[in-house]
Amino acid sequence: MAAVGTHEAEQTAASRWAGGRSPFDVGWGKLMMWLFLMSDAITFSGMLVGLWTLRLGSPTWPDRAHIMNIRLVGVMTAILICSSTTMALSVYETRRGARRHAVWFLTATILAGFAFAALQATEWTHFILDGARLNTNPWGVPAFSFTFFIITGYHGLHVVGGCVYLWAMAHRIAKGLSRAGGLEVAGLYWGFVDLVWVFIWPSIYLL
Amino acid sequence: MDAVAVRQPEMAPELHPRESFIRHYIFSIDHKMIGKQYFLTTMFMALVGGAMAMLMRTHLAWPDNGVLNPEQYLQAVTMHGTIMIFFFLTVMLTGGLGNLLIPLMIGARDMAFPFLNMISYWTFVPGVITILLSYFVPGGPAGNGWTAYAPLSAIPAAEGGAGLGQTLWIIAILFVVISSLFGSLNFLTTVLNLRTQGMSMGRLPLTIWGAFVTAVLALLSFPVLMAALGLLLLDRLAGTSFFEAANLIVGGAASPHQGGDALLWQHLFWFFGHPEVYILILTPMGVVSDIISTFSRKPIFGYKAMVLSLSAIGFLSFLVWGHHMFVSGMHPLLGAAFMGSTIIIAVPSAIKTFNWCTTLWHGRIHFTTAMLFAIGFVSVFVTGGLSGIFLAIAPVDLYLHDTYFIVAHFHFVMASASLFAILAGTYYWFPKFFGRTMNETLGKIHFALTFLGIYGTFYPMHFIGIHSNDRRLYQTTAYPFLSHAGPVDVFVSLSAFLLGFAQLFFIVNFLWSLKYGPVAGDNPWHANGLEWTTTTPPPHGNWEGALPTVYRWPYDYSVPGAQNDYVPQTVQAIPLAAAAGAAGGGT
């Protein structure tokens, strides 16, 4: 009689979903970062959908090969992607307990981030000096320049913000305040900033 | 990070009875206090939004008396919609009920990240202040409708309410969006990681399932609104033209914008906007399921079907946004696809409705005020849902679009239903959070008048809508073919005043019961949920001593042969009736 209504089917206490533990064995920090990145990915998607709607709805679109320095953008992309490697190495070194190495790799990651931002700023300067403004540009439809500035600008903010975040993490790792788990969460964010660039890069420069 | 790191403290945290006033009431990190802050703030906003409705109805009943000029009328419409949707329903359900209930119902000490929870509330407050400030700027508040369709919302010269008021509107909504994102991060992490021992996903109360799916929707849809609002703000302030095509003439002058697309705003807005209406209904569906089960003294019928249909509605809500745009000039094939996906949503909604009815069937129904509002919810949800079928059919919608028919539809299915569930939830959980029960007599008067007021206000709108009364029309008397709508409008307005008046019973009841209501025990309704196993009101940390362990789902009512007609989730072996006649009733 005691079994009535107890839902024995769900009495699988060993199940990872049975409560009292994290089903994915991750702490709230990491889980929350994953969720945040999902929502941030959708913010970027909204902007990219905007770009493509305007671009496909526009009779002409400037030829990027003549306006932009594709080689420079290639270098920027390479730097950003390589910085994900140093980030991963930093997490690995922290896990091994080699905090000194970890901080060096983090420094390299931060420098790569700043290099990317600096090259992006060069690109912007070159654009602005050529006469591009948010609502006008010498090459064609205004949508070309405002989508460029807003989307790369929003991504650039993520990169600079990420550098600050990593800086704080480097400090915490050096002082022994954070461990590999916390750094890994920062690494997720940095990987995301890379990944988003892989979508922005073709949308703005290549296609 | 290993699993140990997410385990909660076994014992309740040290209580600090001498916590400073500011830490306890203002910058609290206790989810119950934050929930109460949200609750009271959004209730205040509901009064502001309700006042806007009263103004509109006063004008519409006697349109020639000049209560509002056309501009003020549109501003009242806009602010009514904006405040009710963003500042009342959304935040009440997530920030208010979600905060109050999630940790208690899953057996957690607090949210996963209590500090972020506090930040979330204090991001909402500037939004409230900004939207209220917009009443006092030159030109008045925004007047483009809660959907803020571009290009009207993008060009300051477009109309009176498109000036500074519209800019403040965008900023205010951005605050709400960011606050909601913080909230949903916290809710999802909490429900996934902090369920107590034994509280599997299959034993979660449906209220929590509703809040969980809601948080998923908020997490995935609010960012789109955030992007769209950001772009709109840039259009207004920085001169970009995301949403304005070339050659617009505004106020006699050519607009400098070119290269944008007004439909882009509609797509982005409704990609958010449709999940948003489910953000407003999924938690209520859960709340109502729990209340109906408790007061029918029967297990909820079809728990798994309820969970699956909640999830199905959540999933489908991302595929139907185009049904708001049937008349926007979409390709008819696309319209047909959106029509199909929209009609499919009727299936999970109907499953839920049947399950509520089947739960009531042969139940020993206790007609408490909470139960009346829950049954009222089913009624208004069905009424509004049926008119939704009409509107989902593109060719019918072409005719009914932007008439009062649609006003009637969404006020039943989304606004009233949501409001009923909030009120039901308030009557139901008030004892837990304030230690006293609300007055049942006043509550029943409140219910009767509200129910009559809702039907009196919105039901006749179907008819004037079918007679082509445009929903944003300032003056019906200007059009001879609408002459018959006049008396209906007077009736609707009188019902709306009744509805507004009825809420005074609630306010009086709420305030009076805070101080003088009969003291409630820990479990006044003999309910099964975890929230009823702790003391009333729950201490900081929610349970004195160790966290409870869960052995069953929360719907074990009227188990045959059991001693009581309810078996709380923390009971391992059901105590059997010792002798004949002992079954039923509580202790």
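Residues numbered from 1 in each chain as written. Chains lettered and ligands numbered in written order. Predicted model: local features only at pLDDT ≥ 70, side-chain atom pairs only at ≥ 80, totals over all residues.

(A) Up close: the overall build of chain B. Along the backbone of chain B there are 15 helices and two strands. Computed over the C-alpha atoms, the radius of gyration of chain B is 24 Å, within 12% of the 25 Å expected from 2.2 N^0.38 for a compact globule of 587 residues. Considered along the principal axes of its C-alpha atoms, chain B spans approximately 85 × 50 × 50 Å. Across the 587 residues in chain B, those meeting the buried criterion constitute 57%. The long-range fraction of contacts in chain B, counting pairs at least 24 apart against all pairs at least 6 apart in sequence, stands at 78%. (Helix = DSSP H or I, 4+ residues; strand = E, 2+ residues; numbered from the N terminus. Rg over C-alpha atoms; globule rule 2.2 N^0.38 Å. Buried ≥ 20, exposed ≤ 12 C-beta atoms within 10 Å, placed from the backbone. Contact = placed C-beta atoms within 7 Å.)

(B) Summary view of the environment of Asp194 of chain A. All names here are of chain A. With respect to the helices and strands, the residue Asp194 is situated in helix α6 (residues 180-206). Between the alpha carbons of Asp194 and Ile79 there is a distance of 9.9 Å; along the sequence they are 115 residues apart. When near neighbours in sequence (up to four residues on either side) are disregarded, Asp194 contacts Leu80, Ile81 and Ser84.

(C) Local environment of the packing of helix α14 (residues 440-466) of chain B against helix α15 (residues 485-516) of chain B. Residue and element names in this part refer to chain B. In contact at an axis separation of 8 Å, α14 and α15 are set at 155° when each is read in the N-to-C sense. Here α14 is positioned roughly antiparallel relative to α15, judged by the angle of their axes. Note that α14 runs across α15; the crossing there is left-handed. Looking at side-chain class alone, the contact of α14 with α15 contains 20 nonpolar, eight polar and no charged residues. (Axes fitted to C-alpha atoms, helices over the stretch in contact; angles between N-to-C directions. Parallel < 35°, antiparallel > 145°, perpendicular 65-115°, else oblique. Left-handed = near helix turned anticlockwise from the far one by under 90°. Nonpolar A, V, L, I, M, F, W, Y, C, P; charged D, E, K, R; others polar.)

(D) How the structure looks around helix α11 (residues 369-392) of chain B. Between its terminal C-alpha atoms α11 of chain B stretches 34 Å, which fits the 34 Å expected from 24 residues at 1.5 Å a residue. Counting buried residues in α11 of chain B gives 17 out of 24 residues, a clear majority hidden from the surface. (Expected span 1.5 Å × (residues − 1).)

(E) Local environment of the confidence of the model for chain A. Mean pLDDT for chain A: 88, with 93% of residues reaching 70 or above. In the predicted structure, residues 9-13 of chain A sits below a pLDDT of 50 and forms five contacts with residues beyond four places in sequence or in another chain. (pLDDT = per-residue confidence, 0-100.)

(F) Spotlight on the interface of chain B and chain A. In this complex, chain B contributes 53 residues to the contact, which on the side of chain A involves 44 residues. Counting only elements with at least two residues in the side of chain B that touches chain A, the list comes to α5 (164-193), α6 (206-237) and α7 (262-279) of chain B. Sort the elements by how many residues they give to the side of chain B that touches chain A and α6 of chain B lands first, with nine residues. The residue inventory of the side of chain B that touches chain A, partitioned by class, reads 33 nonpolar, 14 polar and six charged.

(G) Focus on the packing of helix α5 (residues 142-175) of chain A against α6 of chain A. Residue and element names in this part refer to chain A. Interaxial distance between α5 and α6 falls to 10 Å at its minimum, and their mutual angle equals 160°. Taken together, the axis directions place α5 and α6 in an arrangement best described as roughly antiparallel. Where α5 crosses over α6, the handedness of that crossing is left-handed. Between α5 and α6, the contacting residues are Phe148, Ile151, Thr152, His155, His158, Val159, Gly162, Tyr165, Leu166, Met169 and Ile173 on the first element and Gly182, Leu183, Ala186, Tyr189, Trp190, Val193, Val196, Trp197, Ile200 and Ile204 on the second. Each residue belonging to the contact of α5 with α6 can be placed in one class, and the counts come to 16 nonpolar, five polar and no charged.

(H) Quick look at unusual backbone geometry. Residues and elements named next belong to chain B. Backbone torsion omega between Ala150 and Pro151 reads 0°, so that peptide bond is classified as cis. Assignment of secondary structure puts Pro151 in the loop between α4 (114-133) and α5. Here the bond from Thr536 into Pro537 is cis, since omega is -15°, no more than 30 degrees from zero. By the element assignment, Pro537 lies in the segment after α15. Unusually for a residue other than glycine, Arg297 sits at a positive phi of about 50°. Mapped onto the fold, Arg297 is located in the loop between α8 (282-296) and α9 (303-316). Overall, Arg297 belongs to the partly exposed group, with 17 C-beta atoms counted inside 10 Å. A positive phi is found at Ser558, a non-glycine position, where the angle reads about 50°.

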